[in-house]
Amino acid sequence: MSEYVSPKEQRLIIEKLYYSTDSITSTEKFNKKYQGQLGRVGEKTLTMFEFARKLKKTEFKQYDIQRFIKDITGKDVHLSSL
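Residues numbered from 1 in each chain as written. Predicted model: local features only at pLDDT ≥ 70, side-chain atom pairs only at ≥ 80, totals over all residues. Heavy atoms only, no water.

### So, the overall build of the protein chain
As a reminder, the rule being used: The way it works is that DSSP assigns letters per residue, a run of H or I at least four long becomes a helix, a run of E at least two long becomes a strand, and they are numbered from the N terminus. Each radius of gyration reported is based on C-alpha atoms, and the globular scaling rule is 2.2 Å times the count of residues to the power 0.38. Whether two residues are in contact is decided by their heavy atoms, any of which lying within 4.5 Å being enough. Surface accessibility follows the Shrake-Rupley procedure with a 1.4 Å probe radius. Residue values consider only the protein chains on display as shielding. Counting rule for charge: Lys and Arg are taken as positive, Asp and Glu as negative, and neither His nor the chain ends is counted. We put the charge of a Lys on NZ, of an Arg on CZ, of an Asp on CG and of a Glu on CD.
Each helix and strand counted, the protein chain has 4 helices and 2 strands in total. Mapped in sequence order, the helices and strands of the protein chain form the string β-α-α-β-α-α. For 82 residues, the compact-globule formula gives about 12 Å, and the C-alpha radius of gyration of the protein chain, at 11 Å, lands near that figure. Pairs at least 24 apart in sequence give 56% of the contacts found in the protein chain among residues at least 6 apart. Roughly 5100 Å² of accessible area belongs to the protein chain as shown, and the carbon and sulfur atoms make up 48% of that amount. A gap of 4 Å separates the mean positions of the 16 positive and 11 negative side-chain charges of the protein chain.

Written out as structure tokens, the structure is:
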């Protein structure tokens, strides 16, 4: 069974990755920078695997990605296995 990340959870994770207090602006910034190579995020539900793989291809530290996914969704993701 796949686990999913809702658009709201995606936006909250991206907000934390930018150390921001505005998830909408952070997600717009993320999409402006990465949508060409990764596609847009924060608009539709994605599988945890799909979302984590997208984030792994960014400038953000894997530790932070894993930590913030856990903080927001409660799920552990190990990027080294992707």
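Moving on from the coordinates now.
### Some points on the packing of helix 1 (residues 7–17) against helix 2 (residues 23–38)
As a reminder, the rule being used: To define axes, lines are fitted to C-alpha atoms, for helices over the stretch in contact only, and angles between the resulting N-to-C directions are given on a 0 to 180 degree scale. An angle counts as roughly parallel when it lies under 35 degrees, as roughly antiparallel when it exceeds 145, as roughly perpendicular when it falls between 65 and 115, and as oblique in every other case. Any residue that is not Ala, Val, Leu, Ile, Met, Phe, Trp, Tyr, Cys, Pro, Asp, Glu, Lys or Arg is counted as polar, Gly included; the first ten are nonpolar and the last four charged.
Orientation of helix 1 relative to helix 2, taken along the N-to-C sense of each, is 80 degrees, at an axis distance of 8 Å. On the basis of the axis angle, helix 1 is roughly perpendicular to helix 2. Side by side, helix 1 and helix 2 meet where R11, L12, I14 and E15 of the first sit next to S23, I24, S26, T27 and F30 of the second. Class assignment for the residues of the contact of helix 1 with helix 2 results in 4 nonpolar, 3 polar and 2 charged.

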